[in-house]
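# Examination of the molecular architecture
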Amino acid sequence: PIFVGIAAIAAALVATGCANQGFRWTSDTEFSPSAVQRMVLRTSYSGDIASRIPSETKSVYESAFLMATNLDVRVFAKNRTLKPNADAYYLDAEVTKYKPGSPVGRFLITPVIAFGLWGSYVDVSFALVDPANQEILGKGMVRKANLWGGAVGRSITSESQLVVCPDEILSDLHSFTGKQ
């Protein structure tokens, strides 16, 4: 019975969109491992999300990309006109969902799961883009959801979820490049 419950929870998480969508190469263009090593990061935020994320959290999130990798080109290109040097890709990372939820609400429903009521959610879509023609070469998504109640639910915030996304994105890209 416990395994059935765990399987049901896992299926619900996947069905509600709380599972990552791994990086997939979608282009006919040949993959260049050296271009990944010289990526130029372009961060963005959908709609009014930028105004809802604390500025310190945005700084930590954006800086985490640089701390998590050994990129040769370490440039944040907020505008889309900056071109990388030599053979390189853009890494576009866009925060498409940011819902803080209620830590107090999650804490008060001990110990059940707070499906959607007070949960916190973060989605970051990412893509490798060819700077020459802006073609999306491959893309993926990192999704974070905190649906737990009790002390665990209260301690996990959307801010803490957002700042781990760069590690997951770069780990996903590293895993992909290792298979090429």
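These remarks concern the structure in this document. These numbers come from a predicted model, not from an experiment. (Residues numbered from 1 in each chain as written. Predicted model: local features only at pLDDT ≥ 70, side-chain atom pairs only at ≥ 80, totals over all residues. Heavy atoms only, no water.)

### Quick look at the overall build of the protein
Here is the rule: The way it works is that DSSP assigns letters per residue, a run of H or I at least four long becomes a helix, a run of E at least two long becomes a strand, and they are numbered from the N terminus. Three exposure classes are used, based on accessible area relative to the maximum for each residue type with a 1.4 Å probe and protein chains only: buried under 20%, partly exposed in between, and exposed over 50%. We call two residues in contact when some of their heavy atoms are within 4.5 Å.
Each helix and strand counted, the protein has seven helices and five strands in total. Element order for the protein, N to C, with α for helix and β for strand: α-β-α-β-α-α-β-α-β-β-α-α. Counting across all 180 residues of the protein, residues that qualify as buried make up 41%. A sequence separation of at least 24 residues applies to 75% of the contacts in the protein between residues at least 6 apart.

### Topic: the pattern of salt bridges
Note the cut-off: For this analysis, a salt bridge means a side-chain nitrogen from Lys or Arg found within 4 Å of a carboxyl oxygen belonging to Asp or Glu.
Throughout the structure, instances matching the rule amount to four salt bridges. The partner of R52 in a salt bridge is D48, and the shortest N-O contact between them spans 3.4 Å. By relative accessible area, which is 47% here, D48 ends up partly exposed. When the shortest N-O distance is used, the salt bridge between D123 and R143 registers 3.5 Å. Of this pair, D123 sits in strand β4 (residues 120-129) while R143 sits in strand β5 (residues 136-146), placing them 20 residues apart in sequence.

### Here's the deal with helix α4 (residues 55-67)
Going by this rule: Expected span of a helix, by definition, is 1.5 Å for each gap between consecutive residues, and there is one gap fewer than residues. What the arc covers is the set of directions going from the helix axis to the C-beta atoms.
An ideal rise of 1.5 Å per residue puts 18 Å on 13 residues; α4 measures up with 18 Å between its terminal C-alpha atoms. Where α4 is concerned, the buried positions are T57, K58, Y61, E62, A64 and F65. Mapping the buried residues of α4 onto a view down its axis gives an arc of 145 degrees, with all of them on the same face. Within α4, the exposed residues directed more than 90 degrees away from the buried face are S55, E56 and M67. Those residues of α4 that are buried are in contact with β2 (40-45), α3 (49-52), β3 (90-99), β4 and α7 (158-179).

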